[in-house]
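Structural characterization, general
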Amino acid sequence: TKLHSSIVGLRDEKYLESPFVVNFHRVDQLAESKSAWSFYHTGERMKLDLLDSNFNQHNERHCSLSFEIDQAAVVHGLAGYFSTTLYKDVTLCTLPEAHSPDMFSWFPMFFPLKDPITVVSGQTVVVNMWRRTTNTKVWYEWLVDVVTGTNESRVVASSGLHNLDGWSYWIGL
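The structure contained in this document is the topic of the report that follows. Sequence order as written defines residue numbering, which begins from 1 separately in each chain. In view of the model being predicted, local features appear only for residues whose pLDDT reaches at least 70, and side-chain atom pairs are presented and counted only at 80 or more, with totals across whole chains, interfaces and linings using the full set of residues. Side-chain metrics in this entry use all non-hydrogen atoms of the structure; hydrogen atoms and water are not considered.

Strands here mean DSSP runs of E at least two residues long; helices mean DSSP runs of H or I at least four residues long; both are numbered from the N terminus. A count of helical and extended segments in the protein gives 1 helix and 10 strands. Each helix and strand of the protein, placed in order from N terminus to C terminus, yields the pattern α-β-β-β-β-β-β-β-β-β-β. Across the 173 residues in the protein, those meeting the buried criterion constitute 34%. Two residues form a contact once any of their heavy atoms are found within 4.5 Å. Once local pairs closer than 6 in sequence are excluded, the contacts in the protein between residues at least 24 apart make up 67%. Summed over its atoms, the accessible surface of the protein is roughly 11,400 Å², and 52% of this surface lies on carbon and sulfur atoms. Only protein chains enter the calculation, and the probe is 1.4 Å; a residue is then buried if its accessible area is under 20% of its type maximum, exposed if over 50%, and partly exposed in between. All accessible-area figures derive from a Shrake-Rupley calculation using a 1.4 Å probe, and residue coverage is judged against the displayed protein chains alone.

Quick look at the structure:
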């Protein structure tokens with residue numbers, strides 16, 4: 001709640017739709033981390049036509065991940081971690097359970113929710129995350145639904161889509 005409150009204190013809605021690189025100190029992790037997507041680079045040079053408006057589309061990703069909740073809580077946002085193999089056995093990892101030793105220059109991302117969502121035991125949190133691109137920028141969009149019932153058929157709460165088309169946050173290419 002402290003991190004979310006700090007973002008609210010910035011008094012600009014765009015910050016509630018912008019991810020933040022943070023060094024988490026106190027986190028109530030409601031479920032185990034799951035892999036969202038992967039990138040593989042074969043070492044072969046890709047032939048890219050920079051004049052083609054879709055030249056960067058191969059870097060777009062989407063995932064839909066479900067998390068079973070076993071305790072009541074308020075969800076203020078999502079934690080985004082990464083792990084990578086740079087070369088042979090040279091790796092970097094920000095996952096708490098496998099964090100690279102003595103690594104102080106890379107941190108997880110916090111994806112805030114504009115309005116925190118209350119969850120109870122037995123519900124499922126469904127996270128949809130998109131990595132979107134154009135030929136000039138890359139950004140993330142995220143949506144959180146809380147579902148219940150047979151086959152997760154009833155949405156009881158939704159965050160709404162955050163950062164649509166990179167309106168509040170994007171990285172230039």
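On to the sheet that holds strand E1 (residues 20-21). Strand pairing is assigned whenever DSSP detects at least two bridges linking the two strands. With antiparallel pairing, 3 strands are arranged side by side in an open sheet as E1-E6-E3. The outermost strands of the open sheet, each flanked by one partner alone, are E1 and strand E3 (73-80). Here E3 runs beside strand E6 (residues 109-119); their pairing, made up of 7 bridges, is antiparallel. For Val-74, the partnering residue across the bridge sits in E6 and is Thr-118.

Before going further, it helps to examine a nonpolar patch on the surface. Each patch is built from residues lacking any salt bridge and having more than 30% relative accessible area; the joining distance is 9 Å for like charges and 5 Å for nonpolar side chains (Val, Leu, Ile, Met, Phe, Trp, Tyr). Counted as salt bridges are all cases of a side-chain nitrogen of Lys or Arg within 4 Å of a carboxyl oxygen of Asp or Glu. On the surface, Leu-86, Tyr-87 and Val-90 cluster together into a nonpolar patch covering about 320 Å² of accessible area. Along the polypeptide, Leu-86 turns up in strand E4 (residues 83-87).

Moving on, we get to the pattern of salt bridges. All chains considered together, the criterion is met by 3 salt bridges. Linking Glu-17 and Lys-114 is a salt bridge whose minimum nitrogen-to-oxygen distance equals 3.3 Å. Here Lys-114 lies in strand E6 and Glu-17 lies in the loop between helix H1 (2-8) and E1, a separation of 97 residues in the sequence. Judged by relative accessible area, Lys-114 falls into the partly exposed class, the value being 24%. The closest approach of N and O atoms between Glu-141 and Arg-132, which form a salt bridge, is 3.4 Å. Note on Glu-141: relative accessible area 3%, which makes it buried. For Arg-132, a relative accessible area of 25% gives the class partly exposed. Taken together, the shared-partner salt bridges connect Glu-60, Arg-132 and Glu-141 into one network.

Right, let's talk about the packing of aromatic side chains for a bit. Aromatic rings from Phe, Tyr and Trp, taking only the six-membered ring of Trp, are treated as a pair when their centres fall within 6.5 Å; an angle between ring planes under 30 degrees marks them as stacked, one over 60 as edge-to-face, and anything in between as tilted. In the structure shown here, the tally under the stated rule is 6 aromatic pairs. Aromatic pair Phe-24 and Phe-110: ring centres 6.3 Å apart, planes at 85°, arrangement edge-to-face. Taken together, the residues span a long stretch of sequence, with Phe-24 in the loop between E1 and strand E2 (61-68) and Phe-110 in strand E6 at a distance of 86 residues. Assessed through its relative accessible area of 22%, Phe-24 is described here as partly exposed. Exposure remark for Phe-110: the relative accessible area of 7% places this residue in the buried category. Between Phe-82 and Trp-106 the ring centres are 5.7 Å apart and the planes differ by 75°, which places this aromatic pair in the edge-to-face class. One end of the pair, Phe-82, is in the loop between E3 and E4; the other, Trp-106, is in the loop between strand E5 (90-93) and E6, and 24 residues separate them in sequence. By relative accessible area, which is 45% here, Trp-106 ends up partly exposed. Put simply, the rings of Trp-37, Phe-111, Tyr-140 and Trp-142 pair up and form one aromatic cluster. Counted as over-ring charges are cases with an Arg CZ or a Lys NZ within 6 Å of the ring centre that also lie within 35 degrees of the ring normal. For Lys-34, the ring lying beneath its charged end belongs to Phe-67, and the centroid distance is 4.9 Å. Across from the ring centre of Trp-139, 5.1 Å away, lies the NZ or CZ of Lys-137, which sits over that ring.

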